[in-house]
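Topology and contacts: notes
This is what each chain is made of:
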Amino acid sequence: KDFKDQMIIDAGQKHFGAIICKSCGMIYTAASPEDEAQHIQHHQQFLEGIKYVGWKKERVVAEFWDGKMVLVLPDDPKYAIKKAEDVRELVDNELGFKQIVLSCPSKIKTYFFVSNERKIIGCLIAEQIKQAFRVLSEPNVPQSPNQDVLQHHRAWRCSIKPEAAICGISRIWVFSLMRRRGIARRMVDVVRNTFMYGCYLSTDEIAFSDPTPAGKLFATKYCQT
Ligand code: ACO
Ligand code: ZN
């Protein structure tokens, strides 16, 4: 067990109400034994999942001051594929995706953003696609008093006219405590540059599939600028 992490949990217990774990990002109530048990379980699973040991011949596709990006391809060694699957499962859990079958596992490109502390703090899964349906802007959705309703509302209106696209982003995820630092933006930049050899894809050539509210906010912003 990681002694440092345990200290953070113990320190958290002295507070009432909701607390946020500084290493796994989970928000829970320290006063509730069920919550705490759930946290301990999530904590270990999560930290194990995002741990990046690395491998020989890893494919580094970008380097930044706060980390690097590694690309995993379908023909890579088993341990690399296993890591890609484990992280995908972790991301799917957080997104509430259940047993989504990948349309074509042999065409999938998994990008990791690995921090200097060797943790996978970002993941992007891209697939080759032929067409996409543009998400239409919401006509005039009334401001919901219940944020939860909005949070789980995913039935965006889509155009019925397919448009040509090349790269479909089926998952994009950044560790909760590392958001709004441009990690998602940099990941998409790198995908546009490395997805197809020798060309830089335009924002029209990439498509985000089934975006969450946060995903849609990010995608709208990203594609405008
Ligand atoms: N609300 C409003 N604007 C946002 C948000 C948000 N939650 N997230 C990003 N943006 C916009 C901002 O304009 C931001 O620039 P700013 O911070 O200077 O204002 C710009 O997008 C760039 O944001 P990044 O910092 O690059 O994005 P981040 O690294 O925080 O990652 C992401 C965004 C991936 C959506 C993250 O919030 C996340 O992992 N969320 C949970 C998982 C999720 O919902 N993923 C999308 C699923 S949809 C799909 O996978 C196709
Ligand atoms: Zn934790």
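Overview of the structure. (Residues numbered from 1 in each chain as written. Chains lettered and ligands numbered in written order. Predicted model: local features only at pLDDT ≥ 70, side-chain atom pairs only at ≥ 80, totals over all residues. Heavy atoms only, no water.)

**Description of the overall build of the protein chain**
On a plain count of helices and strands, the protein chain comes out with 6 helices and 10 strands. Counting across all 225 residues of the protein chain, residues that qualify as buried make up 40%. Residue pairs in contact within the protein chain that sit at least 24 positions apart in sequence constitute 63% of those at least 6 positions apart. Surface accessibility of the protein chain: about 14200 Å² in total, with carbon and sulfur atoms responsible for 56%. (Helix = DSSP H or I, 4+ residues; strand = E, 2+ residues; numbered from the N terminus. Buried < 20%, exposed > 50% of the residue type's maximum accessible area, 1.4 Å probe, protein only. Contact = heavy atoms within 4.5 Å. Areas by Shrake-Rupley, 256 points an atom, 1.4 Å probe, with all protein chains shown as cover.)

**Regarding the coordination of the zinc ion (ligand 2)**
Listed as protein donors to the zinc ion (ligand 2) are C21 (SG), C24 (SG), H39 (NE2) and H43 (ND1); their distances from the metal cover 2.0 to 2.4 Å. With 4 donor atoms in place around the zinc ion (ligand 2) and angles of 104 to 116 degrees between them, the coordination shape is tetrahedral. Read in sequence order, the donor residues coordinating the zinc ion (ligand 2) give the pattern C-x2-C-x14-H-x3-H. Of this pair, H39 and H43 both sit in helix α2 (residues 33-50), 4 residues apart, which is roughly one turn of that helix. Using a relative accessible area of 0% as the deciding quantity, one classes H39 as buried. (Donors = N, O, S within 2.8 Å, 3.2 Å for Na, K, Ca; no water. Tetrahedral: all angles 85-135°; square planar, octahedral: opposite > 155°, others 65-115°.)

**Some points on the packing of aromatic side chains**
On inspection of all chains with the given rule, the structure shows 8 aromatic pairs. Measuring from ring centre to ring centre gives 6.2 Å for F208 and F218, while their planes differ by 85 degrees; the resulting arrangement is edge-to-face. Here F208, found in strand β10 (residues 206-208), pairs with F218, found in helix α6 (residues 213-224); they are 10 residues apart in sequence, far enough to count as distant. F208 gets classed as buried once you look at its relative accessible area, which sits at 17%. Each member of the aromatic cluster is reached from another via a ring pair, and the members are F46, W173 and F175. (Phe/Tyr/Trp six-rings, centres within 6.5 Å; stacked < 30°, edge-to-face > 60°.)

**Details of the sheet that holds strand β4 (residues 67-72)**
Read across the open sheet, the 6 strands follow the order β3-β4-β5-β6-β9-β10; overall the sheet is mixed. Either end of the sheet is taken by a strand with one partner, and the two such strands are β3 (59-64) and β10. Strand-to-strand twist of the sheet, defined as the mean angle between neighbouring strand axes without regard to direction, takes the value 25 degrees. Here strand β5 (residues 109-115) runs beside strand β6 (residues 120-128); their pairing, made up of 6 bridges, is antiparallel. By the bridge assignment for β6, F112 is matched with C123. The strands touched by helix α3 (residues 78-95) within the sheet are β4, β5, β6 and β9 (167-174), with β9 carrying the most contacts at an inclination of about 75 degrees. (Pairing = 2+ DSSP bridges. Axes fitted to C-alpha atoms, helices over the stretch in contact; angles between N-to-C directions.)

**Looking at the site of ligand 1**
Near ligand 1 lie 22 residues; those nearest to it are I172, V174, R180, G182 and T212. At 2.8 Å, a backbone N or O of V174 approaches an oxygen atom of ligand 1. The contact in question runs from an oxygen atom of ligand 1 to an N or O atom on the backbone of R181, over 3.3 Å. When ligand 1 is considered free in solution it has 960 Å² of accessible area, and contact with the protein chains removes 81% of it. When contributions to the shell around ligand 1 are tallied by element, the ones reaching two or more residues are β9, α5 (183-194) and α6. Looking at which element gives the most residues to the shell around ligand 1, the answer is β9, with 6 residues. Looking at side-chain class alone, the shell around ligand 1 contains 11 nonpolar, 5 polar and 6 charged residues. (Near = heavy atom within 4 Å. Polar contact = N/O pair within 3.5 Å; in protein donor to acceptor, adjacent residues only side chain to side chain. Nonpolar A, V, L, I, M, F, W, Y, C, P; charged D, E, K, R; others polar.)

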